[in-house]
Amino acid sequence: MRMCSIGSGSSGNCVFAGASSANLLIDVGLSCKRTVQGLNTLGLDISEIDAILLTHEHSDHIAGLRVISKKYGIPIYATRGTMEGVMLTPGADEIDRSLFRVVEPDTEFMINDVRAVPVRIDHDTREPVAFRIEEYGKKAAVITDLGTWSEYTVDAMSGLNTIFVEANHDLRMLECGRYPYILKKRIMSEKGHLSNDDSGAFLSRLLNDDIQAVMLAHLSKENNLPEIAYESVRSGITLSDTKYEGDDFPISVCPRDTLSRIVEW
Ligand SMILES: [Zn+2]
Ligand SMILES: [Zn+2]
């Protein structure tokens, strides 16, 4: 399996997952052009993508969908709520509805030999999910845009090798920053985004001996910095009850506008 973030953050999210039997894009929040360029850098043509998996309908996850689906007709896997949310966005009438494959939270579906599971998350959209994917014993997940996590999330995401997880904001930066109060409240709410501290605590529950990579994703431009996210998560793991230390695993930050490191295992 080979994975790489093509762009990450409130200006657009897209993760490439290349399995042996299928190539997937998890969210298409970048323009078609940037998505194509990112894939080209990875040595792929967008025509080689077998499926788009959508986590939810916020524009930073679907901004490229209209053009990509018109040009390339790639099947779109999404929950019913997300599909309905997408179809209410401006310009969505140009998206061919027959490209949608409706998926149910907690119910696995197959894309060739890739087993994918949409896992329910709390976020302020209709039916948001994170995705767990697995092929021939190799397991990964993309878990962003969630206000909170629970034992349910920990169970659903156990035994992963590669984890893309949100580390959205530093709580102090958000509290002292210039965002209006209502927006700060939304971000901090149970339907908002994971702070660096939340992310460290959540990760410390997901770690296992087979982790290959931890990729911190969806960093806020205003309320976080890559060094702060990295240090908070790393020390959060070390200070938690887990037997692991923050230095036991490679932790990387997904850049906003460029490709992340490529995780291959
Ligand atoms: Zn987002
Ligand atoms: Zn969102």
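Not measured: the values here are computed from a predicted model.

Now for the sheet that holds strand β2 (residues 14–18). Spatially, β6-β5-β4-β3-β2-β1-β14 is the arrangement adopted by the 7 strands of the open sheet, whose pairing is mixed. Single-partner strands in this sheet number two, and they are β6 (100–103) and β14 (263–264). Strands in contact with helix α4 (residues 80–87) are β5 (76–79) and β6; relative to β5, the strand with the most contacts, it is inclined by about 110 degrees.

On to helix α3 (residues 65–72), then. Taken together, the buried positions of α3 are L65, I68 and S69. Each buried residue of α3 sits inside an arc of 95 degrees when the element is viewed along its axis, so together they form one side. Buried residues along α3 sit against α1 (32–41), α2 (59–62), β5 and α4. Downstream of α3 by a residue or two, G73 has a phi angle that is positive, lying close to 55 degrees.

Bringing unusual backbone geometry into the picture now. Of note, Y136 is a non-glycine position whose phi angle comes to about 50 degrees, a positive value. Of the residues examined, Y136 has 12 C-beta atoms within 10 Å and is grouped as exposed. One non-glycine residue, D145, lies in the positive phi region at around 60 degrees. With 28 C-beta atoms packed within 10 Å, D145 lands in the buried category.

With that settled, consider the sheet that holds strand β11 (residues 162–166). Read across the open sheet, the 7 strands follow the order β7-β8-β9-β10-β11-β12-β13; overall the sheet is mixed. Where the open sheet ends on each side, the last strands, each with one partner, are β7 (109–111) and β13 (251–253). Pairs of neighbouring strands in the sheet enclose a mean axial angle of 20 degrees, with direction left out of account. By the bridge criterion, 5 bridges tie β11 to strand β12 (residues 213–217) in an arrangement that is parallel. For E166, the partnering residue across the bridge sits in β12 and is A217. Running over the sheet, helix α8 (residues 196–206) touches β11 and β12 and is turned about 160 degrees from β11. Set on the sheet, helix α9 (residues 226–239) makes contact with β12 and β13; between it and β13 the angle comes to about 155 degrees.

Another aspect to go through is the domain arrangement of the chain. Here the chain is described as being made up of domain 1 (1–105) and domain 2 (146–254). Between the C-alpha centres of domain 1 and domain 2 the distance comes to 24 Å. Listed by partner, the interface residues are 7 residues for domain 1 and 9 residues for domain 2. Across the side of domain 1 that touches domain 2, the residue classes tally to 2 nonpolar, 5 polar and no charged.

A separate point is α4. Spacing of three or four residues puts side chains on the same side of an α-helix, whose turn is 3.6 residues. Taken together, the buried positions of α4 are occupied by T82, M83, G85 and V86. Within α4, the buried residues cover an arc of 160 degrees as seen down the axis, which keeps them to one side. Tucked inside the fold, the buried residues of α4 contact α2, α3, β5 and β6.

Let's shift gears to the pairing of strand β1 (residues 2–7). Within β1, 5 of the 6 residues are buried, which leaves the element mostly enclosed by the surrounding structure. Two elements, β1 and β2, share 5 bridges in a ladder whose sense is antiparallel. Across the sheet, G7 pairs through a bridge with C14, a residue of β2. In this antiparallel pair of consecutive strands, β1 and β2, the connection spans 6 residues, and G9 shows a positive phi of 130 degrees. Pairing geometry for β1 and β14, over 2 bridges, is antiparallel. Residue pairing across strands places R2 opposite E264, the latter belonging to β14.

Judged by which residues are buried, strand β3 (residues 23–26) turns out to be covered on both faces: N23 and L25 on one side and L24 and I26 on the other are all buried. Two strands pair when backbone bridges link them, and β2 and β3 are joined in this way by 4 bridges, in the antiparallel orientation. Residue G18 lies in a different strand from β3, and its bridge partner there is N23. Linkage of β2 to β3, two consecutive antiparallel strands, is achieved through a turn of 4 residues. With α1 bridging β3 and its parallel neighbour strand β4 (residues 51–53), the resulting β-α-β unit is right-handed.

Cut-off values and rules
- The numbering scheme is per chain: residues are counted from 1 as the chain's sequence reads.
- As a convention, the first chain written is A and the first ligand written is 1, with the rest following in written order.
- Two thresholds apply to this predicted model, a pLDDT of at least 70 for residue-level local features and 80 or more for giving and counting side-chain atom pairs, whereas whole-chain, interface and lining totals are computed over all residues.
- Two strands qualify as a pair provided DSSP detects at least 2 bridges between them.
- Secondary structure is summarised from DSSP: a helix means a run of H or I of at least four residues, a strand means a run of E of at least two, and numbering begins at the N terminus for each.
- Throughout, a residue-residue contact means that the two C-beta atoms, derived from backbone geometry, are no farther apart than 7 Å.
- Axis lines are fitted through C-alpha atoms, for helices just across the contact stretch, and the angle between N-to-C directions can take any value from 0 to 180 degrees.
- To sort residues by exposure, count the other C-beta atoms lying within 10 Å of each residue's C-beta; 20 or more gives buried, 12 or fewer gives exposed, and values between give partly exposed, all with C-beta atoms placed from the backbone.
- Here, the arc refers to the directions that run from the helix axis to the C-beta atoms.
- Residue ranges labeled as domains rest on an automatic or database domain assignment.
- Each residue receives one of three labels: charged for Asp, Glu, Lys and Arg, nonpolar for Ala, Val, Leu, Ile, Met, Phe, Trp, Tyr, Cys and Pro, and polar for the others, Gly being one of them.
- Here is how to tell: hold the view so the strands point away, follow the path from the first strand over the helix to the second, and if it runs clockwise the crossover is right-handed.

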